[in-house]
Amino acid sequence: MTVASRTIFDTVRLLSEPEAYDPPPPSVRVRQTHGSFVFLAGGFAYKMKRPVKYAFFDFSTLEKRRAALERELRLNRRLTPEVYLDVLPVLARGEGLRVGRPGEEAGAVEFLLRMKELPAESFLAALLAREGAREGGGAPLLARVAEAAAAFHLGAERGEGAAEHGEPGAVRRLLLGNLDECAELPAAQRPGAEIVQGCRAALDRLLGQLEGVIRRRAAAGFVRDVHGDLRMEHIVLLDGRVVIFDCLDFRDDFRCMDVIHEAAALAAELLQAGWRAEARAFLEGYLDRTGDDAALPLLPLYLLHRLLVRGKVEALKAGAALVPAPERAEAAARSRDLFRLAGELSARERRPRLVLVAGLMASGKSALARGLGAAAGMAVHHSDRVRKELAGLAPTASRREAWGRGLYAPEASARAYAELAERAGRALAAGHDAAVDASFARRADRAAFERLGREAGARLRWIECACPAEERLARLARREARGGSVSDGRPELMGDQEAAYAPWEEERIVVETSGPKEASLRAALRALYFP
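Residues numbered from 1 in each chain as written. Predicted model: local features only at pLDDT ≥ 70, side-chain atom pairs only at ≥ 80, totals over all residues. Heavy atoms only, no water.

**Points about helix α11 (residues 276-290)**
No. 1: An ideal rise of 1.5 Å per residue puts 21 Å on 15 residues; α11 measures up with 21 Å between its terminal C-alpha atoms.
No. 2: Regarding α11, the residues found buried are E278, A279, A281, F282, L283, G285, Y286 and L287.
No. 3: Where α11 is buried, its residues touch α3 (124-131), α4 (139-155), α10 (259-272), α12 (299-318) and α20 (517-529).
No. 4: Two residues or fewer after α11 comes G291, characterised by a positive phi angle close to 70°. (Helix = DSSP H or I, 4+ residues; strand = E, 2+ residues; numbered from the N terminus. Expected span 1.5 Å × (residues − 1). Buried < 20%, exposed > 50% of the residue type's maximum accessible area, 1.4 Å probe, protein only. Contact = heavy atoms within 4.5 Å.)

**Comments concerning the sheet that holds strand β7 (residues 157-158)**
No. 1: Spatially, the three strands line up as an open sheet ordered β7-β8-β11, and their pairing is antiparallel. On the outer flanks of this sheet lie β7 and β11 (256-258), each paired with one strand and no other.
No. 2: Across two bridges, the pairing between β7 and strand β8 (residues 223-225) is antiparallel. Residue pairing for β8: R158 is matched across the bridge by R224. (Pairing = 2+ DSSP bridges.)

**A closer look at the sheet that holds strand β6 (residues 110-116)**
No. 1: What the six strands build is an open sheet, ordered β1-β2-β3-β6-β4-β5; its pairing is antiparallel. The strands lining the two open edges of the sheet, one partner per strand, are β1 (29-32) and β5 (96-99). Within this sheet the neighbouring strands show an average axis-to-axis angle of 30°, counted without direction.
No. 2: Bridge analysis of strand β4 (residues 84-93) against β5 gives four bridges, and the strand direction is antiparallel. Residue pairing for β5: V90 is matched across the bridge by V99.
No. 3: Along the sheet face, helix α2 (residues 62-76) touches β3 (44-49), β4 and β6 and points at about 20° away from the line of β6. (Axes fitted to C-alpha atoms, helices over the stretch in contact; angles between N-to-C directions.)

**Describing the pairing of strand β16 (residues 508-512)**
It is a general feature of regular strands that their side chains alternate between the two faces of the sheet.
No. 1: Burial along β16 is one-sided: I509 and V511 are buried, and none of R508, V510 and E512, which face the opposite way, are.
No. 2: By the bridge criterion, five bridges tie strand β15 (residues 459-466) to β16 in an arrangement that is parallel. Its bridge partner lying in β16, A466 is registered against E512.

**A few points about α2**
No. 1: Across its 15 residues, α2 extends 21 Å between first and last C-alpha, which sits within 8% of the 21 Å expected from 1.5 Å per residue.
No. 2: If you follow the buried residues of α2, they end up packed against β3, β4, β6 and α9 (252-255).

**So, a positive patch on the surface**
No. 1: A surface patch of like charges, here positive, comprises R370, R385, R482 and K517.
No. 2: Examined against the element boundaries, R385 turns out to sit in helix α15 (residues 383-390).
No. 3: Using a relative accessible area of 43% as the deciding quantity, one classes R385 as partly exposed. (Patch = residues over 30% accessible without salt bridge, like charges linked within 9 Å, V, L, I, M, F, W, Y side chains within 5 Å. Areas by Shrake-Rupley, 256 points an atom, 1.4 Å probe, with all protein chains shown as cover. Salt bridge = Lys/Arg side-chain N within 4 Å of Asp/Glu carboxyl O. Lys, Arg positive; Asp, Glu negative; His and termini not counted. Charge placed at Lys NZ, Arg CZ, Asp CG, Glu CD.)

Below, the structure is given as structure tokens:
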């Protein structure tokens with residue numbers, strides 16, 4: 001058989017024979033993906049790239065496959081040098097093939113990446129099947145995975161070369177380009193038109209909402225050269241240590257990403273597999289280690305993208321002729337499920353958020369609302385500012401009026417809340433999230449905003465800022481001594497406000513705001529954005 005006449009089927013068959021290896025193993029097992037074959041032989045795993053060309057990678061020539069394997073070796077040795085060993089040539093030997101040694105590259109007909117074979121029982125999915133037999137049982141394991149992923153991310157390369165892939169335009173091209181590829185799959189594998197349209201609308205809304213956030217994070221160094229494909233099948237536990245391997249090697253723009261994007265990849269897979277408590281444990285552990293809770297508003301965007309990416313990959317496998325029929329059927333079922341989940345998530349994310357931050361004077365609601373607005377790229381409408389604007393006053397103009405008089409009389413308050421609702425409503429109508437910072441002491445005002453949320457089709461969330469009276473009193477005293485505050489709250493008004501404050505009946509998130517602002521913001525972001 002000549003090199004010219006040998007097909008990929010022949011190469012796979014010949015490399016499946018023990019005689020191709022030195023020394024010959026007892027047997028050779030073959031695994032395959034849409035982009036590679038892996039031969040498991042004698043305690044080693046030998047990866048061969050498929051001679052295929054897709055929109056997102058090109059392994060169509062021998063040199064391109066060799067370069068891809070060498071790149072894969074270099075990138076993965078960042079994480080697991082003890083697993084990734086070398087790239088070896090495949091040489092013709094009579095009618096068969098043999099795996100050569102380093103230095104025998106001349107005349108090679110193929111190349112293989114040699115790795116240590118990892119025991120099947122050490123993979124994260126297998127470990128979760130045991131540890132997670134009861135709900136949430138795998139959470140401690142995912143906390144350890146989070147520690148390993150966070151440590152890698154904190155030390156990962158950053159700079160202009162990585163950051164350019166995280167600019168808003170690059171992110172938009174990546175996400176919408178992937179959706180286009182989903183829509184262009186063969187009819188038997190592609191998601192339905194309704195799912196595609198819904199996902200496009202959700203991605204467009206989120207990309208527009210978060211454009212400034214994405215740009216700011218790229219400039220601040222949160223876009224790094226990371227793993228690129230952080231999933232359960234790429235995580236093992238070896239000698240008690242979490243090991244992450246098999247990073248994405250074929251496109252820099254697929255691998256250089258905002259670190260929260262990479263965290264979303266594993267979270268999406270855990271959610272799709274039904275491991276919700278484990279997904280939350282991973283995110284909690286990751287954010288506890290990195291302190292990057294401000295990234296959470298990006299999570300829905302990247303969860304949606306990763307569901308679509310995995311749906312596409314499984315669809316490609318379902319349509320691959322070289323994949324055995326039972327595996328194609330399983331891949332097709334997974335693809336349909338992933339596209340279904342993407343459709344459900346997109347239906348939620350097409351609707352803007354209305355976040356209403358409420359509480360007594362000096363409870364920290366304005367600071368919390370500002371923090372949420374900055375993290376999520378949403379406009380925040382503050383009642384104190386609007387109230388003074390309507391009265392023709394500067395924001396810091398002090399009005400020492402009695403409770404319920406002047407700017408704070410019922411009719412003035414009604415005008416202020418109506419204006420807040422008008423401004424928030426305009427943002428929601430444009431598809432943007434909105435936050436409102438006000439006391440919301442009266443049930444009538446709460447009901448008006450509940451109605452606004454329903455009519456706008458928004459996802460409304462109440463946040464009550466809870467802070468002990470002694471801390472609020474101390475804050476008011478410090479504020480009055482400092483001067484220049486937008487708020488007119490004063491210690492002598494606390495009792496009147498508390499007496500007039502209607503008890504809560506609405507479902508709400510209660511955030512303890514007596515401590516550092518960062519802790520309150522972290523709690524609110526997790527309550528709003530955790531899956």
